[in-house]
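Architecture at a glance
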Amino acid sequence: MTCGEPAGIGPELAPLARAAGEDFTWLGDPAHLPSGTNWAEVAAPGDRVPPGTLAVLRHDFPGPALPGRPDPANAAAVIDVIARAVALAQSGAADGIVTAPINKLALKQGAGFAFPGHTEYLAELAGGVPVAMMLASTSVEPPLRVVPATIHIALSEVPAALTPDALEAAIRLTDAGLRRDFALPRPRIAVAGLNPHAGEGGAMGRAEVDWMAPLLDRLRAEGFDLTGPLPADTMFHAPARARYDAAVCAYHDQALIPIKTLDFAGGVNVTLGLPFVRTSPDHGTAFDIAGQGCADAASIIAALRMARAMVGARASARESATT
């Protein structure tokens, strides 16, 4: 688990997750952990520590952690921790990565961080591989998994950014990720339209008629199990969710509003397409409650458990491929 932004709730989440019985190594500055945290320094991920102790792979920061007040002096170290975690995962020293939240503005102002978020930076560190952001529920039935085809851009930019190539890439990454990371042999994917009522036959926009439906037909002919383009306002109630394994959506809020409404505390952010497992909680740094002792560790615990399950799914897939 990376430390994330030290002025946020990230350092508080690690001891809470450890107290809940989760076994992991925390990568960060132990000086940023809450007072009284029972921790022990380790030389490598997976080194054993006494029961109930947080294993810490030390990464010293230049400044203290001031709750709610990010220090520009710490920005470079936050970025370095992420890069170090990726290096550990790529070398096989770590099974996967769970990232605590970062604050993109703080990193940009303090260290010139040039990426819209974790997802894009991780893709760059992995060699520029194509990736997709998935949010997955853990405590609602039927479960909900959503993948936005466009992510951190202004809503006004979505129609131009949502190209046939972008949507096709999201669908292919979703299908491959569900097979590799969730052990689903034939994923069912629902695709949301861009416009209200999925354009209503062209009366409310023509993207669905002009290119989305033909694209989905072509992919169905290749063997993809797809439904859509569907009206987004009727895709997320329980009977609808039972008919698919993941929903590919046109833009950020179309995907994230339903999952954060249904499972705010149990939602997990998964990066599909990476050569290593990466998950994170679906919340931010929570500067407004940092240092107050009221942070909820449910989402980071869910992220740890999902990462462990994904590591197991990938291992099973590799074993099946060699037998």
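Residues numbered from 1 in each chain as written. Predicted model: local features only at pLDDT ≥ 70, side-chain atom pairs only at ≥ 80, totals over all residues. Heavy atoms only, no water.

1. A word on the sheet that holds strand S7 (residues 188-192)
How we decide: Note on pairing: two strands pair once DSSP finds at least 2 bridges between them. Numbering of helices and strands starts at the N terminus; helices are DSSP runs of H or I of at least 4 residues and strands are runs of E of at least 2. Note on geometry: axes are lines fitted to C-alpha atoms, helical ones only across the stretch in contact, with angles between N-to-C directions running from 0 to 180 degrees.
Taken in spatial order, the 8 strands of this open sheet run S4-S11-S10-S5-S6-S9-S7-S8, and their pairing is mixed. If you trace the sheet from one side to the other, it starts and ends with strand S4 (96-98) and strand S8 (225-230), each paired once. In this sheet, neighbouring strand axes are inclined to one another by 25° on average, regardless of whether the strands run parallel or antiparallel. Looking at chain direction, strand S5 (residues 132-136) and strand S10 (residues 268-272) are connected through 5 bridges and run antiparallel.

2. With respect to the nonpolar core
Stated formally: Side-chain atoms within 4.5 Å link the members of a nonpolar core, which is a set of buried Ala, Val, Leu, Ile, Met, Phe, Trp, Tyr and Cys residues. Each residue gets one of three labels from its accessible area relative to the maximum for its type: buried under 20%, exposed over 50%, partly exposed in between, using a 1.4 Å probe on protein chains only. Residue contacts are defined here by distance: any two heavy atoms, one from each residue, within 4.5 Å place the two residues in contact.
Trp-26, Leu-167 and Ile-171 are the most contacted members of the largest nonpolar core, which totals 80 residues. Take this core: its biggest share by element is 10 residues, from helix H2 (residues 75-91). Contact partners of Ile-171, with chain neighbours within four places excluded, come to Ile-189, Val-191, Leu-216, Leu-219, Phe-224, Leu-226 and Val-248. In terms of nonpolar packing, the next biggest core, distinct from the first, is built from 16 residues, Leu-144, Ala-190, Ala-255 and Ile-259 among them.

3. A short note on the layout of surface pockets
What counts, and what does not: Whether a set of points on the 1 Å grid over the protein atoms alone is a cavity depends on a 1.4 Å probe fitting there but being unable to get out, while an open set qualifies as a pocket with protein on both sides within 12 Å along at least five of seven lines; lining residues are those with an atom within 4 Å of a point. Grid points are joined across faces, edges and corners, and a volume is the space filled by probe spheres set on the points. Three classes are used, and their members are as follows: Ala, Val, Leu, Ile, Met, Phe, Trp, Tyr, Cys and Pro are nonpolar, Asp, Glu, Lys and Arg are charged, and the others, Gly among them, are polar.
One number sums up the size of the largest pocket: a volume of about 560 Å³. It is helix H10 (residues 298-321) that provides the largest number of residues to the lining of the largest pocket, a total of 4 residues. Taken together, the residues that form the lining of the largest pocket break down as 16 nonpolar, 6 polar and 6 charged. Approximately 360 Å³ is the volume attributed to the second largest pocket.

4. Overview of H10
The line we're drawing: To estimate the expected span of a helix, count its residues, drop one, and scale the result by 1.5 Å.
An ideal rise of 1.5 Å per residue puts 34 Å on 24 residues; H10 measures up with 35 Å between its terminal C-alpha atoms. Turning to H10, its buried residues are Ser-299, Ile-300, Ile-301, Ala-302, Ala-303, Leu-304, Met-306, Ala-307, Met-310, Ala-313 and Arg-314. Those residues of H10 that are buried are in contact with helix H1 (10-19), S4, S5, helix H6 (164-182), S10 and strand S11 (277-281).

5. Topic: the packing of aromatic side chains
Put simply, the rule is: The pairing test for Phe, Tyr and Trp rings, Trp by its six-membered ring, is centres within 6.5 Å, and the orientation test on the planes gives stacked under 30 degrees, edge-to-face over 60, and tilted for anything in between.
In total, this model carries 3 aromatic pairs according to the counting rule given. Each ring, one from Phe-113 and one from Phe-115, has its centre 5.5 Å from the other, and the planes form 55°; the classification is tilted. We classify Phe-113 as buried; its relative accessible area is 7%. On the basis of an interplanar angle of 50° and a centroid distance of 5.1 Å, the ring pair of Phe-115 and Tyr-121 is categorised as tilted. One aromatic cluster is present, formed by Phe-113, Phe-115 and Tyr-121 through successive ring pairs.

6. So, the environment of Phe-113
You can see Phe-113 is positioned in the loop between helix H3 (104-111) and helix H4 (118-125). Each C-alpha atom of the pair Phe-113 and Thr-37 lies 31 Å from the other, and the pair is 76 residues apart in sequence. Beyond its immediate sequence surroundings of up to four residues, Phe-113 is in contact with Ile-79, Leu-107, Lys-108 and Tyr-121.

7. Concerning the pattern of salt bridges
For the record, the criterion: Salt bridge, as used here: a side-chain nitrogen of Lys or Arg that lies within 4 Å of a carboxyl oxygen of Asp or Glu.
Counting across every chain of the model gives 16 salt bridges. In this structure, the salt-bridge partner of Asp-23 is Arg-48, at a minimum N-O distance of 3.4 Å. On the criterion of sequence distance, the pair formed by Asp-23 in the loop between H1 and strand S1 (25-28) and Arg-48 in the loop between strand S2 (39-41) and strand S3 (54-58) is long-range, its members being 25 residues apart. The shortest N-O distance in the salt bridge between Asp-181 and Arg-180 comes to 3.9 Å. Relative accessible area serves as the criterion here: at 3%, Asp-181 is assigned to the buried category.

So far we have only geometry, and geometry alone does not tell us how the molecule works.
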